[in-house]
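Spelled out, the chains give:
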Amino acid sequence: MNTSNESLRILQQVFGYSSFRPSQQQIIDCLIQGEDALVLMPTGGGKSLCYQIPALIRSGVGIVISPLIALMQDQVEALRQVGVAAGALNSSLSAEEDAHLRQQLRNGELQLLYVAPERLMTPGFQSLLQQIDIALFAIDEAHCVSQWGHDFRPEYIQLSALHEQFPQVPRVALTATADEVTRREIIQRLNLEQAHHFVSGFDRPNIRYRVSDDSSNARQRLLRFIQLDYPEQAGIVYCLSRRKVEETAAWLRDKGVKALPYHAGMSPQDRADNQNRFLREDGIVMVATIAFGMGIDKPDVRFVVHMNLPKSLEAYYQETGRAGRDGEPAEALLFYNLQDVITLRQFVEQSDADELHKRIEMQKLERMLGYCELTSCRRQALLAYFGDELAAPCGNCDICLNPPETWDGTVAAQKALSCVYHTGQRFGVNYLIDVLLGKDNERMRRFGHHQISTFGIGEELDRNQWRSLFRQLIALGYLAVDQEGHGGLRLTESCRPLLRGEQTLKLRQLRKEDTRKPQKKKASFQGAQGELWEALRRKRLELAQEQGVPPYVIFHDATLMAMMEYRPQTLAQMSRISGVGERKLEAYGQDFLDVLADYPLEAVPVTGGVSDTVQETLDLFRLGMSAEDIAKRRGLKTSTILSHLAKGIEQGLVALSEVINIPDELLAQARELMLEDGEDIRLGRVHEALGGVLDYGVLACIRADLVDSVSS
Ligand code: ADP
Ligand code: ZN
């Protein structure tokens, strides 16, 4: 048997996907051959299939060690949906369920078993394992073995024993967190010295990173962001305090957003209820402290907003990483303001930690600030921080999309610094700005500051511009915040060259208006398109509720969108849609065909004009990038990019010959088949008639060209 063919067959028939993602095939082959592997792949990269498929191919049951019960349950549910016999052994089972599962194991009836590490290592379970045939061990979230990391689980340490007890069973350790130190620790503690390493980059290309330094009215702008860019979409909004969580959630609800709070001060029951609703309903916005998120595996979280500055880039990357696990466009937005900088510095300075610890924390905060104040690509900086290199600017962060203007802030900075100096290095930003702007008031007179040399010398800038300048001076380390917690500023050593005029300072212009391009908007299909989209989502929710599972376990958004795009009319056509495997085709295919049939093509015209996401593709295409390059750059699938190009062709913006390169004969054949369909060209049928040699995306381009030439 050729195992590569076998794994591809399973990928297609069981999971309904057409091809493997980078390195999945190699990892699977390695395990099938009985060898160990260490897999570092970013969130959403597709780690699960790497052990699920070999477990289906090798004889025996695949044992998956996973630290979180909630996560296990979702995975098991998703596997059952595609027809795989899976179970989870954890503390939430009744004695009866537990016994039943063990019996199934003995009978060899399970293909995959998820188990918590503390269960795995009990003597009873160990002796059970000795009696059965085991396909492999998969150690998920392997960084939990690291004592220095923030997710340390002592039970993971014992997993090293697996190697001695089951030397013939291949093991794979998987994680998305992997700086060099953690990686070494995983290898050493789990005895993986002989394992093959598969290291993918850290990049999450589908996440757009944005930092907003204009924090005035952040709440209002949060609302606009949700209403305009992500209506009816799931997202997470992080706040620093419980009080702010409660207030923000209530305020958003008041404005008609389905927002729920989550923080450690709520009862466990309320927290669990809210988390459940977030997972099981569509379009919930969770407003939370950082207590929320660990083990949240929801694939369709479209945005993560930070209302306050996170305390390190590690925390920021982990929290924003919860967006867009499904690989579809997602956004990370951070509101950042002066008060946060002051508060966080005070937290660190006033903490009980020892000096070394404080210094490290402070450095992390500096790096976080530096990230906010960048004037070059944010993704490049983020990846560099984690030891990854991105050769060119990403094209999908606020800086790349809308480069900030800079100005020579040397003179203004000198004025600000000297104002700090002449007022005695103890006043806060607001008062200092009063002095610079020459506000002659009672307080000013009391201190006699209306007579000092810096009084009123800063009228060329307004209050907001001065705020921005002070923030940058603090972020860049020219000014330090007092230890007592009043927000008083003092000069640091590094100001000297600047004050002496030996150094110039380039500063970022405060951005008044948010002029970025909006991200692809999924839920804002217009008119009939929108109705069809809603109808598909309703059907999905109905099926999910019948079975008590989250909607994405039935089908991901991307699968529903592919249905809208390709309009399958028969089960055979439906089976070609990505995400529709044999079992789901049988269980749900007809349900969704019926929905589609209620919205015939004439009623749902292909959208006119070109949307922003299409425009973005067209722009990159004109720069000479191929569809594959663009897909990689934008973190989208090639077929999606081809469908964008198809829209460009339809609008006469791109020529078919620029996009595709196939033999003339094949092209003619495809055209002929399409013409047989008249007005209502069905790509599914054409695809089949051509024996599947042409990708749907390519067919969409050919159709667009026909439509274009027919109508003009
Ligand atoms: P991770 O565990 O690495 O965060 P998952 O295993 O949950 O990621 O996979 C993320 C998503 O990508 C899932 O929805 C999964 O079904 C999908 N996926 C994985 N591999 C493929 C593939 N080869 N083709 C299409 N989709 C895939
Ligand atoms: Zn960028």
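Residues numbered from 1 in each chain as written. Chains lettered and ligands numbered in written order. Predicted model: local features only at pLDDT ≥ 70, side-chain atom pairs only at ≥ 80, totals over all residues. Heavy atoms only, no water.

Draft legend 1. Quick look at the overall build of the protein. A tally of helices and strands in the protein yields 35 helices and 17 strands. What you see for the protein is a C-alpha radius of gyration of 28 Å, in line with the 27 Å of a compact globule of 712 residues. When the backbone C-alpha atoms are referred to their principal axes, the protein occupies close to 90 × 75 × 45 Å. Looking at the 712 residues of the protein, the share that counts as buried comes to 54%. Counting only carbon and sulfur atoms, one obtains 48% of the accessible surface of the protein, whose full area is about 30,800 Å². Here the protein holds 79 positive side-chain charges and 95 negative ones, and the gap between their average locations is 6 Å. (Helix = DSSP H or I, 4+ residues; strand = E, 2+ residues; numbered from the N terminus. Rg over C-alpha atoms; globule rule 2.2 N^0.38 Å. Buried < 20%, exposed > 50% of the residue type's maximum accessible area, 1.4 Å probe, protein only. Areas by Shrake-Rupley, 256 points an atom, 1.4 Å probe, with all protein chains shown as cover. Lys, Arg positive; Asp, Glu negative; His and termini not counted. Charge placed at Lys NZ, Arg CZ, Asp CG, Glu CD.)

Draft legend 2. Spatial organisation of the nonpolar core. One finds F278, L309, W466, F470 and I702 to be the most contacted residues of the largest nonpolar core, which totals 141 residues. In terms of residue count, helix α35 (residues 696-711) provides more of this core than any other element does, 8 residues in total. Once you skip the residues sitting within four places of it in the chain, F470 turns out to touch A416, V420, V429, L432, I433, L436, L479 and L489. With 36 residues, the next largest nonpolar core counts L56, V82, Y114 and A138 among its residues. (Core = buried A, V, L, I, M, F, W, Y, C linked by side-chain atoms within 4.5 Å. Contact = heavy atoms within 4.5 Å.)

Draft legend 3. Up close: the pattern of salt bridges. Going through the model one piece at a time under the given rule, you end up with 32 salt bridges. With its nearest N and O atoms 3.2 Å apart, the salt bridge here joins D300 to K298. Its relative accessible area of 1% is what places K298 among the buried residues. (Salt bridge = Lys/Arg side-chain N within 4 Å of Asp/Glu carboxyl O.)

Draft legend 4. The site of ligand 1, seen in detail. The environment of ligand 1 is made up of 15 residues, and the closest members are Y17, G44, K47, S48 and H556. One of the side-chain N or O atoms of R21 is found 3.2 Å from an oxygen atom in ligand 1. The separation between an oxygen atom of ligand 1 and a polar main-chain atom of G46 is 3.1 Å. For ligand 1, the protein covers 84% of the area, taking 570 Å² as the surface of the free molecule. Ranked by the residues each element gives to the shell around ligand 1, the list is headed by helix α3 (residues 47-57), at 3 residues. (Near = heavy atom within 4 Å. Polar contact = N/O pair within 3.5 Å; in protein donor to acceptor, adjacent residues only side chain to side chain.)

Draft legend 5. Focus on the packing of helix α24 (residues 527-547) against helix α26 (residues 557-566). Viewed as axis vectors pointing N to C, α24 and α26 meet at an angle of 135 degrees, and their least axial separation amounts to 11 Å. Classified by the interaxial angle, the pair formed by α24 and α26 is oblique. The way α24 lies across α26 gives a crossing that is right-handed. Residues Q529, L532, W533, L536, R537 and R540 of α24 pack against D557, L560, M561 and M564 of α26. Across the contact of α24 with α26, the residue classes break down as 6 nonpolar, 1 polar and 3 charged. (Axes fitted to C-alpha atoms, helices over the stretch in contact; angles between N-to-C directions. Parallel < 35°, antiparallel > 145°, perpendicular 65-115°, else oblique. Left-handed = near helix turned anticlockwise from the far one by under 90°. Nonpolar A, V, L, I, M, F, W, Y, C, P; charged D, E, K, R; others polar.)

Draft legend 6. Up close: the packing of aromatic side chains. A full pass over the atoms with the stated rule returns 15 aromatic pairs. Ring geometry for Y230 and F303: centres 5.4 Å apart, planes at 45 degrees, overall tilted. Of this pair, Y230 sits in the loop between α11 (218-229) and β9 (235-238) while F303 sits in strand β12 (residues 303-306), and the two are 73 residues apart along the sequence. Judged by centre distance (4.3 Å) and plane angle (25 degrees), the ring pair of F427 and Y431 falls under stacked. (Phe/Tyr/Trp six-rings, centres within 6.5 Å; stacked < 30°, edge-to-face > 60°.)

Draft legend 7. Region of interest: the pairing of strand β3 (residues 86-89). The alternating pattern of β3 places A86 and A88 and G87 and L89 on opposite faces, both of which are buried. Pairing between β3 and strand β4 (residues 112-115): 4 bridges, direction parallel. Of the residues in β4, the one forming a bridge with A88 is Y114. Chirality of the crossover, the property in question, places the unit of β3, helix α5 (residues 95-106) and β4 among those that are right-handed. (Pairing = 2+ DSSP bridges. Right-handed = clockwise from strand over helix to strand, strands pointing away.)

Draft legend 8. Region of interest: the domain arrangement of the protein. In terms of domain boundaries, the protein breaks down into domain 1 (3-199), domain 2 (207-401), domain 3 (406-508), domain 4 (527-603) and domain 5 (612-711). On a C-alpha basis, the centroid separation for the pair domain 2 and domain 5 is 37 Å. Both faces combined, the contact of domain 2 with domain 5 buries some 430 Å², and carbon together with sulfur accounts for 31% of it. The tally of links between domain 2 and domain 5 comes to 1 salt bridge. Linking K637 and E328 is a salt bridge whose minimum nitrogen-to-oxygen distance equals 3.7 Å. Applying the counting rule to domain 2 against domain 5 returns 0 residue pairs in polar contact (both at pLDDT 80 or more). Split into classes, the residues belonging to the side of domain 2 that touches domain 5 amount to 3 nonpolar, 2 polar and 2 charged. (Domains from an automatic or database assignment. Buried area = accessible area lost by both parts, 1.4 Å probe.)

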